[in-house]
Amino acid sequence: MRVLVISDLHANYTALETVLKDAGQVDETWCLGDLVGYGPDPNAVVEQVREMTHLTCIMGNHDMAIIGKMAFESFNGDARRSLLWTEKVLTADNMDFMRSLPQSTKVRGEVTLAHGSPRDPLWEYVLNTLTARLNFDHFNTPFCFIGHSHIQSMFLLNEEKDRVTLESVKVNRPITLTPRMLVNPGSAGQPRDRDPRSAYAIYDTETRQWEARRVQYNVKEVQQRLREAGLPEKHAVRLGEGW
Ligand code: ZN
């Protein structure tokens, strides 16, 4: 089974559309949260996600805030301005869909999905081997797919040596996942590794092959919509530079 793994769409419809086209035919989509926040297209993105067949989708911290279960004060000024705007424009139907999302879940008994980390699904960033090591005690499947950091990464636990290593991610070069790993497909809607191209991954459940991918989308179009909506200029600039 060919699975599209996406995360941190952040209301960037142009990026999502480009990723879906680039990914081609898939059997399932696993979405690791943060559908909204920052970007200018919350309704279009949520509607696109709702239309996906064979979808497993969990909630991110921005999604949690938009349904009223997390204080906007926990976000920095510009992220908060974006949430206030999103709250105003998001339709009731889309809001209901967001409310239905779980915080973390397990798929096929093999992969745990969590937005931030399995230990703290809404807030924790897994950016180094120490944090990764602590998190291996918080899921019992061979693999855990995470988002939130907006950076394509993979951490491997060697259970015999009790050591975690950060494996290098090579775009377009599929690698076979070996138990146990914490893997991040990167962000489709707001990449933060200085590469503005959308990030996502294709996972094959039979061969356990993971292919990290990048695709260029029309950033200018999204920047223009951000400016038209009066959203923070910072969010337009960062899309162009990938941070
Ligand atoms: Zn995010």
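Use the structure listed above.
Below is a short write-up of the structure. Every chain's residues receive numbers from 1 upward, in the order its sequence appears when written. Per-residue local features are limited, in this predicted model, to residues with pLDDT of at least 70; the limit for side-chain atom pairs, both in listing and counting, is 80 or more; totals at the level of whole chains, interfaces and linings are taken over all residues. Where side-chain values are given, they derive from all heavy atoms of the structure, hydrogens and water being excluded.

What follows covers the pairing of strand 7 (residues 153-158). Most of strand 7 is tucked away, with 5 of its 6 residues classed as buried. Across 4 bridges, strand 7 lies against strand 10 (residues 181-184) in antiparallel orientation. Bridge assignment links S153 to a residue of strand 10, and that residue is N184. If DSSP finds at least two bridges between two strands, the strands pair. Only runs of H or I of at least four residues qualify as helices and only runs of E of at least two qualify as strands under DSSP, and these elements are numbered from the N terminus. Sheet topology places strand 7 next to strand 8 (residues 163-167); 5 bridges connect them, and they run antiparallel. Looking at the pairing, N158 lines up with R163 of strand 8. Counting the residues between successive antiparallel strands, the hairpin from strand 7 to strand 8 contains 4 residues, one of them, D162, with a positive phi of roughly 50 degrees. For each residue, the accessible area found with a 1.4 Å probe, counting protein chains only, is set against the maximum for its type, and the residue is called buried under 20%, exposed over 50%, and partly exposed in between.

Now for the coordination of the zinc ion. Octahedral metals with six donors have ideal donor angles of 90 or 180 degrees. Tetrahedral metals with four donors have an ideal donor angle of 109.5 degrees. Only nitrogen, oxygen and sulfur atoms within 2.8 Å of the metal, or 3.2 Å for Na, K and Ca, are treated as donors, and water is left out, so sites may look incomplete. Here the zinc ion is held by D8 (OD), H10 (NE2), D34 (OD) and H150 (NE2), and the distances to it run 2.1 to 2.4 Å. Along the chain, the residues donating to the zinc ion fall in the pattern D-x1-H-x23-D-x115-H. Within this pair, whereas H10 is found in the loop between strand 1 (2-6) and helix 1 (13-23), its partner D34 is found in the loop between strand 2 (28-31) and helix 2 (42-51), the two being separated by 24 residues in sequence. Since its relative accessible area comes to 1%, D34 is described here as buried.

Just distances and angles here, no functional claims.
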